[in-house]
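# Breakdown of the fold
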Amino acid sequence: MRMSDIHDAIDARADSATIAGLPLPDTMRAAVVRKSEVDIFEGLAAADKDPRVSLHVDEVPIPPLGPNEVLIAPMASAINFNTVWTSIFEPISTFTFLERFAREGELGARHDLDHHIVGSDAAGVVLRTGPGVTRWQPGDRVTVHCNSVDLEGPEGHEDSMLDTSQRIWGFETNFGALADISMVKANQLMPMPDHLTWEEAASLGLVMATSYRMLVGQNEARMTQGDVVLIWGATGGLGGFATQFVRNGGGIPVCVVSSPEKVALLRDLGVEHVIDRKAEGYRFWTDDDEPDYGEYRRFGGRIRDLVGEDPDIVFEHPGRATFGASVFVAKRGGTIVTCASTSGYRHSYDNRYLWMNLKDILGSHFANYDEAWKANRLVAKGMIHPILSETYPLAEVGEAAHQVHNNLHTGKIGILVGARERGTGVRNHDFRARHVDDITAWSALQ
C-alpha cells in the first residue's frame, strides 16, 4: 500500500471501516535528525547553526503501536522553536531524551532509534487505534496537542503538566508530526475545527494552548476582565494568540512589535495600544552588558502614557533580552508569566523591583489536555483564529526551520505533509464564510 492510496481515501471521505481496512506501508517519509550527526555543528555559535543542514527527509519504518496509542496520517504540521532546538542540538541533543525514555521500559525503548522524527503540531486523520482506545476511531479528523503523558503516578492528576512522566511529543518523544504516519497518545487528540484547512488547523496546537494556559487557564496568570497585559512579540505565534485571548477575554492588550507594518496590521485588527520597539529605540542593555534602568523607566512611562497604568500581567517569552524590563514595568502585585526564552535562557533582573513590590514570576510550560481542549473549542466556535503566515512542503522543512531560527517569520509556518495542496480540508464552508475576514486578517500578520 502506498501513502497516496491512503490520502486518496481521506480525500474521498472514506468511512471508518474503509480507513481501518487499508493496509499500511512498511516505510514512510519523515523529517528527522540523525544520531550520527549530533556533533555536526560543534564549535559554532547557536545563531550559526543551520537547520537546513541537519534536518533530512528520510525513508524510515512506520511507528509501532501500543496501548492507548493512535497512528494518525498528518495532513499538515507546523514549525515550533522546539523543532529548531532539536535541529541544532541545543541546549542538548534530543537523543538524550530518547535514551532516557528507553530506560523506563519496553514501550519507552521503541523511541530510542538512530533517527528522531520531529514535529509537535498536526492536523490529520486517525488510521489505527491501539488497545484501550475507545473515544477515537479510524477516519476521525483530529488536531493534536503535544503533551504526552500516561498519568500512571499521582503527581499529574490535578495538572498533567506536573506529572513526572510528562513529555513534549516530537521533542522529548520520537514519532512526531513531520511524517506520513505519526504515533500519539489517545489523550493528545482533539476534534479538528471543520471550517479550517489542514494547514490552519495544524498551526494551532502548541503555541495556542501555551498562550491559553499562560493567560486564561487556572494554573498561571488567570487574566480577568480589565487586566492590562503587556505582550511581547504580538504578531508572532505565541504573541498573536495571546493578543486574541486578551481581547476575547475582556483584557487590554499592550502589544510590542518591531516594525511600522506590524503596528498597522494590529491596528487594522482593532488593537489600540501598540509599541514599535525599534522605532522608539529601546535598548534594555548597555554596551557593557548591564541593564539600562533609564530605558526601563522610559518603557514603563510609554505604557502608562498609552493605558494610564502599569501592566497587571506581562506575557514574557523572549527571555534574556526583555526579562529585566518585564519585571520592572509590571505593576505592584503584578505577574510576569514566562516560557520559551527564545533570546536566551539566562535571565537577569533586579530583585528589589520584584520582592519590594510583591510581584510574581510564574513559569509556564505548554498546557494540559483540558486547557488545550478548551482553547481548541474556542477556535471551533470562531472566537480564536489561526495565525498562519506561510506554508512549505515537507521537502522544504529545513528552510522552514531556518526561517523560524533566524526570526525571519511572523505568525506560524505550516508544513504540508499528506495534503497535496494548500487550502484543502475544509468541511464547513458556510461557517468559514462567516469568519473568513477574521481568518484572513489574523493570517495577514506576515
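Above this note sits the structure.
Residues numbered from 1 in each chain as written. Predicted model: local features only at pLDDT ≥ 70, side-chain atom pairs only at ≥ 80, totals over all residues. Heavy atoms only, no water.

## Points about the nonpolar core
Ile-72, Leu-189 and Trp-198 are the most contacted members of the largest nonpolar core, which has 88 residues in total. When residues in this core are grouped by element, the largest group, 7 residues, is from helix α8 (residues 205-215). Setting aside residues up to four positions removed in sequence, Ile-72 forms contacts with Ala-122, Val-125, Val-126, Leu-127, Val-142, Val-144, Asp-180, Ile-181, Ser-182, Val-184 and Leu-189. (Core = buried A, V, L, I, M, F, W, Y, C linked by side-chain atoms within 4.5 Å. Buried < 20%, exposed > 50% of the residue type's maximum accessible area, 1.4 Å probe, protein only. Helix = DSSP H or I, 4+ residues; strand = E, 2+ residues; numbered from the N terminus. Contact = heavy atoms within 4.5 Å.)

## Remarks on the sheet that holds strand β4 (residues 115-117)
Whenever strands of a sheet pair, they do so through backbone hydrogen bonds, lying parallel or antiparallel. Pairing within the open sheet is antiparallel, and its 3 strands lie in the order β2-β1-β4. Edge positions in the open sheet fall to β2 (56-61) and β4, since each of these has one partner strand only. The mean angle between the axes of side-by-side strands here comes to 60 degrees, regardless of whether they run parallel or antiparallel. By the bridge criterion, 3 bridges tie strand β1 (residues 27-34) to β4 in an arrangement that is antiparallel. In the sheet register, Val-32 faces β4, and the bridge partner there is Ile-117. (Pairing = 2+ DSSP bridges. Axes fitted to C-alpha atoms, helices over the stretch in contact; angles between N-to-C directions.)

## A few points about the packing of α8 against helix α9 (residues 237-248)
Where α8 meets α9, the axes come as close as 8 Å, and the angle between the chain directions of the two elements is 50 degrees. By the angle class used here, α8 and α9 are oblique. The handedness of the crossing between α8 and α9 comes out as right-handed. Counting all contacts with α8, which are made through Val-207, Met-208, Thr-210, Ser-211, Tyr-212 and Leu-215, the residues of α9 involved are Gly-237, Leu-238, Phe-241, Ala-242, Phe-245 and Val-246. (Parallel < 35°, antiparallel > 145°, perpendicular 65-115°, else oblique. Left-handed = near helix turned anticlockwise from the far one by under 90°.)

## A look at the sheet that holds strand β16 (residues 360-363)
Taking strand neighbours across the sheet as the criterion, the 6 strands line up as β13-β12-β11-β14-β15-β16 in an open arrangement whose pairing is parallel. Each of the sheet's edge strands pairs with one partner strand only, and the pair in question is β13 (273-276) and β16. Averaged over neighbouring strand pairs, the angle between their axes works out to 20 degrees when direction is ignored. Sheet analysis places strand β11 (residues 228-232) next to strand β12 (residues 252-257), joined by 5 bridges and oriented parallel. Along β12, the bridge assignment pairs Leu-230 with Val-254. Sitting on the sheet, α9 is in contact with β11, β12 and β14 (313-316), with an inclination near 165 degrees to β11. Of the strands in this sheet, β11, β12 and β13 are in contact with helix α11 (residues 293-307), which crosses β13 at around 150 degrees.

## A look at the side chain of Asn-368
Along the polypeptide, Asn-368 turns up in the loop between β16 and α14 (369-380). Residue classification places Asn-368 among the buried positions, given a relative accessible area of 8%. Reaching out from Asn-368, the side chain makes a polar contact with the side chain of Asp-159 at a distance of 3.1 Å. Separated by 3.2 Å, the side chain of Asn-368 and the backbone nitrogen of Asp-370 make a polar contact. Apart from the residues within four sequence positions on either side, Asn-368 is in contact with Asn-147, Asp-159, Ser-160, Met-161, Arg-213 and Asn-219. (Polar contact = N/O pair within 3.5 Å; in protein donor to acceptor, adjacent residues only side chain to side chain.)

## Quick look at the pairing of β13
Side chains of β13 alternate between two faces, with His-273 and Ile-275 and Val-274 and Asp-276 buried alike. As defined by bridge partners, β12 adjoins β13 across 4 bridges and the pair is classed as parallel. Within β13, the residue paired with Val-254 across the bridge is His-273. Where the polypeptide runs from β12 across helix α10 (residues 260-268) and back to β13, its parallel neighbour, the crossover connection is right-handed. (Right-handed = clockwise from strand over helix to strand, strands pointing away.)

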